[in-house]
Amino acid sequence: MSLYYLVATAGTRINYVSFPEAIYFYAFVILFVALFFFAKKQQNERTHYGTLAFWLFILLISMPFALLKITLGTNDMEPIILFFRDNGMEEVAAIGRGSFASAAGLEMTFVSLLILSAYFLNKILTSFSKVLLAICIAHLAISPLSQYVYRQVVPNPVHANYPASELITEPEIIARPTTQKNLILVYLESLERSYVDLPETKQVYKQLQALEDKSINATNVDQTIGTSYTIAGMVGTQCGVPLLPKALNNGLYGNKNSGVVVETFMPKIRCLGDILSEDGYILSYMNGASTKKYSKRGFLASHGFSRFFDEDSVPMPEQEGRRNIWGFNDEVLFDKARDELSYLASQDKPFVFSMLTLSTHGPDGFLDTTCEPEDVEKTGSGIPDAIRCTAIHLQELNQFLDEKGLSENTIVAVMSDHFARSSSMTSSLSSNQDARRNLFYYSDGSQPRTIDKEGIALDIYPTLLNAMGYDLVDGRANMGVSLLSETPSLRSVINDEIILNSIFQSNHTMGNYLWRDE
C-alpha cells in the first residue's frame, strides 16, 4: 500500500493493467524489492538529513493534490486554487471532517509511514540516500504543481494552432422569438447520464429516464477540461467557453473580497444572461450552499442575474435537521424554488430561474429527510437513493408548473453540472470511462426526440438560445455550436479527445483572452 501511495501522492491516477501507468508502478515495486534483497545492508555512519528534508518537502507539497484526487477526483491546479482561495481553512477542515475524514486519516497515516520508512532505510542501506534523492526529483518533475509552473513558462505548442480569437465567435442573432418563453435551468450536482447503464443505478435512473423520454434529449454531451467542476460547468453551459484562468502574472480569476469574489467575470464574453437580461428578462439563481463560494455570484451578477438565494436566505431554525456540510438539503431547495417561481410568475416580465442541487454530491450523497434509503443495502452506496429522490423532486416541480399554468410558456432544461467526481460510485463509472456522458434534456412543448450529435458543455448555450426561438448565424455562440443545427460542433471537428483537452489545458493565452477588459 505504501508503494501505491508513493505514486498516488504525485497526483497520478494509477491503472494497474494499462500502459504506460502500470509500468511506472511496477518499476517502483521492482526498485524497492531490489533494494531490500540485494543492496548492501550496514549501519550508515552519516544520516543524510538534507535528502530526508527534501523527501519531507515533496510529501508536504504532494499531500493536497493526493487528498483532493481521492476526495474530489481532480488534481488540476485551477479548480484546486479556486477551492482554497474561496474557502478558509476552517471551512476546508469542516468539509474534510464531514465527508472525507477516513481518506484524510489514511493519508496522514501513509505519510507518517513514508517518512519513518525513509529514515530507517537511510540508516540500514548505504545507497538509499541516492535512490531517495532520485525519487524526490522524479516525484517533483511529475507533480501537478511542477507541470503547472512549467506550462506557465513553456506553452503547449498545440495552443498556437487554435487561437482563442478564431475559436470564439460572438453570437450573432438573426431573429428573436415573437413570444418570449420563460427558462428554468436545473443543474444536477454530479448526476451524469452514464448512470443509466450502471447495474447499481439502472433501476433508479428509470424515473429520470421517464422525464428524458418526454423531452428533447441530448445523449452525447461529453466533458472537457474547463468544464469539469461546478462553476466551470455553469460558465460552459451559459457562455459557451471553458473556464480557464489568466496567467499567474495577471492574477487567476480575480481578487477575493468580502462581498462578490469576482467583480467582473469575463466581461467581454457575451453569455446567456447578457442576451436575455437585455431583452427584458428577470434572472434569478438559487442553491443550497453559499453563492459567494467558487465565484458563482460573481459570475452570474456579471452576466445579467439580479436575484440570488442561498443558505443565508433561509433562517437557521427552518434549516434545522435539513442541512449537510455544503448547505441546506434539496427538499428545502425545491420548496424555496416553488416560492421563487411563484414570485417570478407574478411579474409582468419573462424570467430565467436557475438552480443547483446538492443531494447527489460525493462521496456518498446527501439524502433529504423525506428520502427513504431503499438501495444503500443492495448497492453499498447512497448515490442511487439520491438519484431516485432527485427524480421525484423534478417530477413534483413539473407538476407544480402544470398547476400554476406555467408549463405552456416555460422551457425546463435539466443538465449535469459536470461528471461525478470521487464517490462511492467512482469504480463503476470509471470502468467505462470512454462512454461517460453528461445529462442534458429540455422540454418546450414540442414532440419528444433524441439528439445524438456529438457535443460538449459549451454547445448547450447556443442550443438553449435556439430552443427559446433565437436564430443564430451558423448556430454558433462563442465556442459552442447548437446541437439543433447542422453546423459541426467543436467536438466533431476535433475528433480527438486528447487534442481537444490539450487545447484548453493550461492555456493561459486563451485564459487572458477570455478575461480581457478591452
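**Q** What is the right way to read the packing of helix α16 (residues 330-345) against helix α18 (residues 383-403) from this model?
**A** A packed helix pair is summarised by two numbers, namely the angle formed by the two axes and the spacing between the axes. Running from N to C, α16 and α18 point in directions that differ by 15°, and their axes come no closer than 11 Å. Classified by the interaxial angle, the pair formed by α16 and α18 is roughly parallel. Judged by the sense of rotation from one axis to the other, the crossing of α16 with α18 is right-handed. Across from Asp330, Glu331, Phe334, Arg338, Leu341 and Ser342 in α16, the residues of α18 making contact are His393, Leu394, Glu396, Leu397, Phe400 and Leu401. Among the residues forming the contact of α16 with α18, the class breakdown is 6 nonpolar, 2 polar and 4 charged.

**Q** Is there a simple way to think about the packing of aromatic side chains in this case?
**A** Aromatic ring pairs are defined here through the distance separating the ring centres and the angle between the ring planes. Here the structure, examined in full by the defined rule, presents 3 aromatic pairs. Taking 4.8 Å as the distance between ring centres and 45° as the angle between the ring planes, the aromatic pair formed by phenylalanine 265 and tryptophan 515 counts as tilted. Of this pair, phenylalanine 265 sits in the loop between α12 (230-239) and α13 (272-278) while tryptophan 515 sits in the segment after α23 (508-514); the two residues are 250 residues apart in sequence, bridging distant segments of the chain. Take phenylalanine 265: its relative accessible area is 1%, and that puts it in the buried class.

**Q** Got a minute to help me understand the pattern of salt bridges in this structure?
**A** Oppositely charged side chains can pair when the atoms bearing their charge come close. Counted under the stated rule, the structure contains 15 salt bridges. In this structure, aspartate 279 and arginine 176 form a salt bridge, with 2.9 Å as the shortest nitrogen-oxygen distance. Here aspartate 279, found in the loop between α13 and β4 (282-287), pairs with arginine 176, found in the loop between β1 (173-175) and β2 (182-188); they are 103 residues apart in sequence, far enough to count as distant. For arginine 176, a relative accessible area of 43% translates into the label partly exposed. The salt bridge involving arginine 193 is made with glutamate 212; its shortest N-O contact spans 3.1 Å. Of the two residues, arginine 193 is situated in the loop between β2 and α11 (202-212) and glutamate 212 in helix α11; the sequence distance between them amounts to 19 residues. Both residues of the pair, arginine 193 and glutamate 212, count as buried. One continuous salt-bridge network, built from bridges that share partners, spans Arg322, Glu331, Asp335 and Arg338.

Thresholds, definitions, all that
Along each chain, residues carry numbers from 1 onward, in the same order as the chain's sequence is written. Owing to the predicted nature of the model, reporting of local features is limited to residues with pLDDT of at least 70; listing and counting of side-chain atom pairs is limited to 80 or more, with chain, interface and lining totals taken over all residues. Heavy atoms throughout the structure, all of them, feed into the side-chain values; hydrogens and water do not. Interaxial angle, 0 to 180 degrees, is taken between N-to-C directions of lines fitted to C-alpha atoms, where a helix line uses only the stretch in contact. Each helix is a run of H or I in the DSSP string that is no shorter than four residues. Each strand is a run of E no shorter than two, and both are numbered from the N terminus. When describing relative orientation, an angle under 35 degrees is termed roughly parallel and one over 145 degrees roughly antiparallel, while 65 to 115 degrees is termed roughly perpendicular and anything else oblique. Should the near helix be turned counterclockwise from the far one by less than a right angle, the crossing is left-handed, whereas a clockwise turn marks it as right-handed. For this analysis, residues touch if any pair of their heavy atoms sits within 4.5 Å. Think of it as three bins: nonpolar holds Ala, Val, Leu, Ile, Met, Phe, Trp, Tyr, Cys and Pro, charged holds Asp, Glu, Lys and Arg, and polar takes everything else, Gly as well. Centre distance within 6.5 Å is the pairing criterion for rings of Phe, Tyr and Trp, where only the six-membered ring of Trp is used; planes under 30 degrees apart are then read as stacked, over 60 as edge-to-face, and the remainder as tilted. Type-normalised accessible area, obtained with a 1.4 Å probe on protein chains alone, sets the label of each residue: buried when under 20%, exposed when over 50%, and partly exposed for intermediate values. We define a salt bridge as a side-chain nitrogen of Lys or Arg found within 4 Å of a carboxyl oxygen belonging to Asp or Glu.

As far as function goes, none of this settles anything; it's purely spatial.
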